[in-house]
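Observations on chain architecture
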Amino acid sequence: MMKSSSSSSSSSPPVSRRRYRALLSVALNFLALLFAVTAFLTTYWCVGTQRVPKPACSAHRTHNCLDYGVNETDPNKVVYSWETGDDRFLFRHFHTGIWFSCEENILDESEACRSFIDLAPASEKGILWLLVVSEVLYIVLLVVGFSLMCLELGHSSTLIDGLKVNAFAAIFTVLSGLLGMVAHMMYSQVFQATVSLGPPEWRPYNWDYGWSFCMAWLSFTCCMGASVTTLNSYTKTVIEFRNKRKTFEQSVRSAEHAREAFVREQSVKSVSKGVQVPDHHHQTPTSGRKTPIPGLPTDSSLEAPDSPGSLRGSLRGSLRGSLGEEQC
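Reading guide: rules and limits
- Residues numbered from 1 in each chain as written.
- Predicted model: local features only at pLDDT ≥ 70, side-chain atom pairs only at ≥ 80, totals over all residues.
- Heavy atoms only, no water.
- Salt bridge = Lys/Arg side-chain N within 4 Å of Asp/Glu carboxyl O.
- Helix = DSSP H or I, 4+ residues; strand = E, 2+ residues; numbered from the N terminus.
- Buried < 20%, exposed > 50% of the residue type's maximum accessible area, 1.4 Å probe, protein only.
- Contact = heavy atoms within 4.5 Å.
- Disulfide = S-S within 2.5 Å.
- Phe/Tyr/Trp six-rings, centres within 6.5 Å; stacked < 30°, edge-to-face > 60°.
- Pairing = 2+ DSSP bridges.

This paragraph deals with the pattern of salt bridges. A pair can form between side chains of opposite charge whenever their charged atoms are brought close. With the rule as written, the count across this model stands at two salt bridges. Among the ionic pairs, Glu103 bridges to Arg114, the shortest N-O distance being 3.5 Å. Placement of Glu103 in strand E3 (residues 100-104) and of Arg114 in strand E4 (residues 111-115) is noted, with a sequence separation of 11 residues between them. Overall, Glu103 belongs to the buried group, its relative accessible area being 4%. With relative accessibility at 27%, the residue Arg114 sits in the partly exposed group. When salt bridges with common partners are traced through the structure, they connect Glu103, Arg114 and Glu201 into a single cluster.

The subject of this paragraph is the environment of Asn166. Along the chain, the position of Asn166 falls in helix H4 (residues 159-197). Each C-alpha atom, one on Asn166 and one on Leu151, is 9.2 Å from the other, the two residues being 15 residues apart in sequence. In this structure Asn166 touches Glu152, Thr230, Ser233 and Tyr234, once residues within four positions along its chain are discounted.

We now examine the state of the cysteines. Taken as a whole and judged by the stated rule, the model has one disulfide. Paired by a disulfide, Cys102 and Cys113 hold their sulfur atoms 2.0 Å apart. Taking the torsion about the S-S bond as the criterion, the Cys102 to Cys113 disulfide, at about 110 degrees, is right-handed. Of this pair, Cys102 sits in strand E3 while Cys113 sits in strand E4, and the two are 11 residues apart along the sequence. The class of Cys102 is buried, set by a relative accessible area of 5%. With no disulfide of its own, Cys214 lies 9.9 Å from the sulfur of Cys46, the closest cysteine sulfur. No disulfide involves Cys223; its sulfur sits 8.8 Å from that of Cys222, the nearest cysteine.

Aromatic ring pairs are described here by two measures, namely the spacing of the ring centres and the angle between the planes. All told, the structure shown has 17 aromatic pairs when counted by the stated rule. When the ring of Phe116 is compared with that of Phe191, the centres are 6.2 Å apart and the planes differ by 20 degrees; the resulting orientation is stacked. One end of the pair, Phe116, is in helix H2 (residues 116-119); the other, Phe191, is in helix H4, with 75 residues separating them in the sequence. For Phe191, a relative accessible area of 0% corresponds to the buried category. Seen in terms of ring centroids, Trp207 and Tyr209 are 5.4 Å apart; in terms of plane orientation they differ by 85 degrees. Their pairing is edge-to-face. Residue classification places Trp207 among the partly exposed residues on the basis of a relative accessible area of 30%. Pairwise contacts between aromatic rings join Trp45, Phe94, Phe116, Tyr187, Phe191, Trp202, Trp207, Tyr209, Phe213, Trp217 and Phe220 into one cluster.

What follows covers the pairing of E4. Across five bridges, E3 lies against E4 in antiparallel orientation. By the bridge assignment for E4, Phe100 is matched with Ser115. Here E3 folds back onto E4 in antiparallel fashion, the turn holding six residues.

Structure, rendered in structure tokens:
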């Protein structure tokens, strides 16, 4: 029980760390998607003021206007205005996005909006449409990456499937970040060209980047953070998996070596028990009489036919035969 609890406690921290990294990636990707959609739909990428001539004063407008003191009864009378320089102009606020440019109406408190695509110079309209396509692809790839991250977080059954989903999520997130960066830079180029070459009545007196532009770059930052976190999680998971596999292979290899050594030792022991080597130093003394060995010829049979024993036997046999014939 102690071993199982210790093994479970040792395996839980990597899983929890991997889950925390996945949650961080999902949160960053969601923020990047939210900021990108907000920036794409709003018209505060650039803000500033435009210098327009003051209108003539009338009964309905008595301030921020040019009072010529015209005598309506004598319209031929020439009246001069003593306002010079910037006093003869009004500075109205404007804000511009990807789709529209809205200016303050100097006659009332409303705003007048017109298409920013129509304001852009003809030489920059192709870049502007490319910018629009890049922004749309940026948002679409963010949606795909967010969906894959949620799929990995909630429905990945095995480690291999989770790694595959994680890799695809990282690829889509990195691609979306690159497209977003290119789109934001192209907008800066198009807007600066429109400031210089746009319609004279629209050209701003001074301008700066607005909160929508800042939100677009903040979206890019969150997107890059999500991609780096996802790639980090993928790399760490692969390294942990390879280390575990290497440790397992080493343990299997050591177990095989131990088994082979044990089998070799047992075989040597069995062979040494089955074969007994005779000891010549402890033989028992035998008598001088020779014991016949079955299947081997005796010494008497090995005597030569010309030996004295064989002649004597043949003489005895011939004498016995002659005596027998005489008795008969």
